[in-house]
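Residue-level structural notes
As a plain string of letters, each chain reads:
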Amino acid sequence: TNAIAVAIDGPAAAGKSTVAKIVANELGYIYIDTGAMYRALTLKVLRKQIPLNEDKAITNLLANTDIQLKQSDSSQHVLMDEEDVTSAIRSEHVTNNVSYVAKHAIVREEMVNRQRELARKRGVVMDGRDIGTHVIPDAEVKIFLKATVEERARRRYEENVQKGFAADLEKLKEEIEQRDRIDSKREVAPLVQANDAIELDTTDLSINDVAAAILEKVNKVL
Ligand code: C5P
């Protein structure tokens with residue numbers, strides 16, 4: 001059978017990457033975390049102290065930035081100019097600034113070119129905000145994952161506690177809402193459900209339930 005593209009979109013902390021990894025693994029496909037690409041660029045922008053509204057400077061920086069997503073069995077590594085930034089791109093500082101970097105049209109244009117190139121040969125599970133609507137509008141399977149903001153904040157809270165980080169549930173909820181607001185209201189390729197996407201509300205579902213539901217959809221088209 002021919003390899004396909006699976007697009008998974010949805011708001012922040014809806015469990016997209018966890019589920020996408022499982023689905024990719026089951027299918028023997030490549031998982032492409034497009035949020036990690038925006039995060040890696042944001043990390044570099046913050047280090048260089050480029051103002052977040054300077055779209056041209058940010059685009060020039062991106063043109064000189066190598067971003068690689070490396071898969072080694074179960075773990076994913078993000079390399080920026082050959083530096084392993086896998087954990088650095090998950091910092092609060094990057095998380096709370098990434099949406100300001102990702103809203104610029106000329107920044108997105110270059111990111112989307114890179115993402116389309118990665119998906120060209122299919123055999124990919126790609127997650128993000130605009131995959132089904134913009135990056136791969138002809139993806140064979142499109143999923144839109146949602147969950148209540150309370151549940152998404154609760155999951156992020158648990159994650160932080162497990163990693164030994166300080167966590168404040170109310171603050172996490174506000175940060176998630178703020179990021180969704182910026183991502184949904186931007187002019188270019190905002191976070192929106194594609195007309196032909198299958199909506200899955202994961203609020204009361206386990207990770208394995210969600211992965212199984214997606215695999216069922218995939219197996220119908222394979
Ligand atoms: O998926 P993740 O939460 O890591 O994404 C981080 C941020 O990157 C999002 O909040 C959004 O601003 C941006 N992003 C985007 N388009 C994508 C993926 C991520 O604008 N396809």
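Residues numbered from 1 in each chain as written. Predicted model: local features only at pLDDT ≥ 70, side-chain atom pairs only at ≥ 80, totals over all residues. Heavy atoms only, no water.

**Structural notes on the overall build of the protein chain**
In plain terms, the rule: Note on conventions: DSSP H or I runs of at least 4 residues are helices, E runs of at least 2 residues are strands, and numbering of each starts at the N terminus. In this setup the radius of gyration rests on C-alpha atoms only. A globule is expected at 2.2 Å times the number of residues raised to 0.38. Only protein chains enter the accessibility calculation, which uses a 1.4 Å probe; a residue is then buried when its area is under 20% of its type maximum, exposed when over 50%, and partly exposed in between. Contacts between residues were defined by any pair of non-hydrogen atoms, one from each residue, lying within 4.5 Å. Method for areas: the Shrake-Rupley scheme with a 1.4 Å probe, in which residue coverage is limited to the protein chains shown. Charged residues are defined here as Lys and Arg on the positive side and Asp and Glu on the negative side; His and the ends of the chain fall outside this count. All charge positions are set by atom: Lys at NZ, Arg at CZ, Asp at CG, Glu at CD.
When helices and strands are counted, the protein chain shows ten helices and eight strands. Taken over the C-alpha trace, the protein chain has a radius of gyration of 17 Å; the compact-globule value for 222 residues is 17 Å, and the two agree within 12%. Its C-alpha atoms give the protein chain principal-axis dimensions of roughly 50 × 40 × 35 Å. The proportion of buried residues among the 222 residues of the protein chain is 47%. Across the protein chain, the fraction of contacts at a sequence separation of at least 24, relative to all contacts at a separation of at least 6, is 73%. Within the structure as shown, the protein chain displays about 11200 Å² of accessible surface, and the carbon and sulfur contribution to it stands at 47%. The average position of the 32 basic charges and that of the 37 acidic charges among the side chains of the protein chain differ by 2 Å.

**Some words on the site of the ligand**
Here is the rule: A cutoff of 4 Å decides nearness: a residue is near a molecule or strand if any of its heavy atoms lies inside that distance of it. By the criterion applied in these results, polar contacts are pairs of N or O atoms within 3.5 Å in which, for protein atoms, one can donate a hydrogen and the other can accept it, and in which residues neighboring in sequence qualify only through two side-chain atoms. Polar here means any residue outside two lists: the nonpolar Ala, Val, Leu, Ile, Met, Phe, Trp, Tyr, Cys and Pro, and the charged Asp, Glu, Lys and Arg; Gly therefore counts as polar.
As a structural note, the neighbourhood of the ligand is formed by 16 residues, with Arg39, Arg108, Asp130, Asp183 and Arg186 the closest of them. Arg129 is positioned with one of its side-chain polar atoms (N or O) 2.9 Å from an oxygen atom of the ligand. Here Asp130 contributes a side-chain N or O atom positioned 2.8 Å from a nitrogen atom of the ligand. Surface burial for the ligand is 96%, taken as the share of its 450 Å² of free accessible area covered by protein chains. Taken together, the elements giving at least two residues each to the shell around the ligand come down to helix H2 (34–47), helix H5 (98–102) and helix H9 (169–185). Taken together, the residues of the shell around the ligand break down into four nonpolar, four polar and eight charged.

**Quick notes on the UniProt feature "binding site: ATP" (unreviewed entry) in the protein chain**
Note the cut-off: UniProt positions are given in the numbering used here, feature names are shortened, and annotations may be inferred rather than shown by experiment.
Taken from the UniProt record, the annotation "binding site: ATP" (unreviewed entry) applies to Gly10, Pro11, Ala12, Ala13, Ala14, Gly15, Lys16, Ser17 and Thr18. If you trace the backbone, Ala12 turns up in the loop between strand E1 (5–9) and helix H1 (16–27). Of the residues examined, Ala12 reaches a relative accessible area of 1% and is grouped as buried. Discounting residues that sit within four places of it in the chain, Ala12 has contacts with Arg129, Arg152, Ile176, Arg179 and Asp180. Apart from the residues within four sequence positions on either side, Ala14 is in contact with Leu145, Arg152, Arg155 and Thr202.

**Describing the environment of Val124**
Its location among the elements puts Val124 in strand E6 (residues 124–128). For Val124, a relative accessible area of 1% translates into the label buried. Counting along the chain gives 92 residues from Val124 to Ile32, while the straight-line C-alpha distance between them is 7.0 Å. For Val124, the residues in contact, after removing those within four places along its chain, are Ile4, Ala5, Val6, Tyr29, Ile30, Ile32, Leu118 and Ala119.

**A word on the sheet that holds strand E4 (residues 75–80)**
Which entries qualify depends on this criterion: Note on pairing: two strands pair once DSSP finds at least 2 bridges between them.
Strands sit in the order E3-E4-E5 across an open sheet of three strands; the sheet is antiparallel. One side of each edge strand has no neighbouring strand; the edge strands of this open sheet are strand E3 (67–72) and strand E5 (83–84). The pairing of E4 with E5 spans two bridges and is classified as antiparallel. Within the sheet, the bridge partner assigned to Met80 lies in E5 and is Glu83.

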